[in-house]
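Chain and residue survey
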Amino acid sequence: MKEKVAILDCGGQYTKVIDRKVRELGVYTDILPLGAELEKIKDYSALILSGGPSSVWSEGAPKYDAAIFDIGKPILGICYGMQLINEHFGGRVLPQVKTEYGQTEIEIDTSCPLFDGLDASQKVLMSHGDAVKVLADGFKCVGKTGDVVAAIYDSERKIVGVQFHPEVELSENGVKMLENFLRGICGLKEVYALEDRIETSVKMIRERVGDGKVIVLVSGGVDSAVTAALLVRALKPEQVYAIHIDHGLMRKNESDLICANLYKLGLTQMRRINAENEFFNTALDIDGVHYDTLSNTTDPEQKRDIIGYMFFDVTNKAAKEINLDFETAYLAQGTLRPDLIESGNPDVSGYAHKIKKHHNDVDIIRALRDRGHVIETNWDWHKDEVRQVARLLGLDEEIASRQPFPGPGLGVRLICCDGAIPDQPREKVEAVEKFVESESGGSLTVRLGPVKSVGVQGDNRSYKTLSTLYGGGIDGADFDMISKIAREIPNKFDYINRVAYCVSDGAHDADGVECAGMHICRETADLLREIDAIVTKNIMNKRIAQCFAVLFPMSVDKGKKYSCAIRAVLTSDFMTASSAMPGVDFTIDALKNTVDEIKAAVGDKISMIFYDVTGKPPATVEWE
Ligand code: XMP
């Protein structure tokens, strides 16, 4: 590509969003620090200065080379970026009396090419405490909120600044403004398509690997399949070794399907490793911390640590058997941007708080990555982009549209504990009971516990009590009302992050629940595999992004130790999600069939069947 845009990062939380939006408009981008070398910056056709948390007048403001403004490149400054431009060219930026935050209506000068084709009044997202007080020489004010400057433009130098964030959805015509900047003001003509990204990725693989060898871990999902396909395209067949580890926590028949598909991909060197016993029954010391075996572990993050570590351990052993090690060979994996954001990976987001540790971002992988030995072909892509790439690479639709499956597999869907979590104080339980009774007009009852699950609230991880609702089973359910109450419960009661509705039965008394505990073992994994296959077969459809079953220890019937939950979500990026609505996103018959088939297949072990009605936030898609 000859045309490319540098996004100079001033520390803003939306820098990556600017990157994604500009790429969606078909323009190649790189994110560089604001203080990047001038020589490097000169290679770009245009610059975008991002937002940032500092004040341009403060001591700690990020440093930059003032010559970036003299090299004649068109520049768009966003929020802090605009203030920097104004200050640099002799204007003044000062703290504003009233901070602007949230969606705001601005008036724009539609003769400015940034606003070409737009109405004079625009809704945009503002998020700033400083404002332009004196306009820089040569600049014209081309947008205002009341008397606050919202946009500035210098037509001679082709430099434009906006106080708001055109990159986010709350700026309704933000994408059009970015397009006007790129295609109008900068005059960029080239279109950087997904095909080009494939070529960029192939080039990167060739440059990094050279004549070396790569071990690709193939889980069976679309992400690692795309990585494997890119490696096959970039390298000679004898350079690529694929390893599929069956940790005993795969879905029904999954390993067979994956291996058959991998042969079709053209992978000639592939190993399938059955490692259930090692995964379930190895006690570990990781960085001086002792971990009991997976089958004796109940803490969600410890389970993830163990599974992540075991993946690496088993892979290492498998590599040795084919005379490879990671001192010389590379490890390739299909990590996506959201995985790293949610793992709190500092390379992706200095701001992200860890929600849950993904198996492909555990410490040992981070250490390898620091040594430049991890190849992540999908590093910069979101799920929807990976699916498109999969199709372009000619992968089977069965793989391209495959619903995601977490690396730790069914391990995070087996909710383990030694016994019921301690009850919430009586007054807390009563408060929820009272709320549910009054909101449902007495048609629903609620129970808290006996397990906890993981959620994400206010960008932080939570691990809180499960609450379950009971009404008239499926026939008597008003899912609109149930969803409304499920939305309100976590908002009102901060000790709850997930709500599930009982679809197998009618009302229950709040008493009489037993929890004998549960652990990962062949029996529980087999049971969940069976239920999961029934749930997926009946409920999964094109609207639903992910659908699966969860097993947890809860019983109201003697001799039946477990209950299960059906989880089906709508989402495109998995950073947020809503629970799929029975009767809207899939049929009530599908739900009934699921319940009947579960009862017929494993009714002797399953006490109750629930439908998870919680969005993300406050819950996460997975329960752990
Ligand atoms: P959560 O539960 O965080 O899930 O809302 C978002 C998406 O990520 C998947 N997920 C994982 N994927 N390794 C993965 O490759 C993991 O450790 C992992 N944990 C969750 C989850 O299935 C959903 O699609």
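Residues numbered from 1 in each chain as written. Predicted model: local features only at pLDDT ≥ 70, side-chain atom pairs only at ≥ 80, totals over all residues. Heavy atoms only, no water.

Counting residues in each nonpolar core, the largest one holds 121 residues, and the members touching the most others are Val226, Ile489, Ile531 and Leu551. Beyond its immediate stretch of four places on either side in the chain, valine 226 contacts Asn378, Trp381, Val386, Val389, Ala390, Leu393 and Leu395. Among the nonpolar cores identified, the runner-up in size contains 33 residues, and Leu25, Leu76, Ile78 and Val160 belong to it. (Core = buried A, V, L, I, M, F, W, Y, C linked by side-chain atoms within 4.5 Å. Buried < 20%, exposed > 50% of the residue type's maximum accessible area, 1.4 Å probe, protein only. Contact = heavy atoms within 4.5 Å.)

Turning to helix α4 (residues 174-185), a few remarks are in order. Inspection of α4 places Gly174, Met177, Leu178, Asn180, Phe181, Leu182 and Ile185 among the buried residues, and these make up the whole buried set. Looking one or two places after α4, you find glycine 187, whose phi comes out positive at around 70 degrees. (Helix = DSSP H or I, 4+ residues; strand = E, 2+ residues; numbered from the N terminus.)

This structure, assessed with the given rule, holds 33 salt bridges. Residue arginine 522 pairs with glutamate 276 through a salt bridge whose shortest N-O separation is 2.9 Å. Linking arginine 522 in helix α16 (residues 522-539) with glutamate 276 in helix α8 (residues 276-281), this pair joins segments that are 246 residues apart in sequence. (Salt bridge = Lys/Arg side-chain N within 4 Å of Asp/Glu carboxyl O.)

Our focus in this paragraph is the state of the cysteines. Evaluated as defined, the whole model comprises zero disulfides. Free cysteine: cysteine 416, not disulfide-bonded; nearest cysteine sulfur from cysteine 417 at 7.6 Å. Unpaired in this structure, cysteine 521 has its nearest cysteine sulfur neighbour in cysteine 416, at a distance of 8.6 Å. (Disulfide = S-S within 2.5 Å.)

Moving on, we get to the confidence of the model for the chain. Model confidence for the chain is summarised by a mean pLDDT of 91, while 94% of its residues fall at 70 or above. Note on residues 349-353: pLDDT is under 50 here. Beyond four places in sequence and across chains, it has 10 contacts. (pLDDT = per-residue confidence, 0-100.)

The sheet built from five strands is open, its strands ordered β12-β11-β10-β15-β16 with parallel pairing. For this open sheet the edge positions go to β12 (270-274) and β16 (374-375), each flanked by a neighbour on one side alone. Judged from the five bridges that link them, strand β11 (residues 240-246) and β12 form a sheet pairing that is parallel. Paired with isoleucine 245 across the strands is isoleucine 273, a residue of β12. Most of the contacts of helix α7 (residues 254-265) go to β12, to which it runs at about 170 degrees, and overall it touches β11 and β12. (Pairing = 2+ DSSP bridges. Axes fitted to C-alpha atoms, helices over the stretch in contact; angles between N-to-C directions.)

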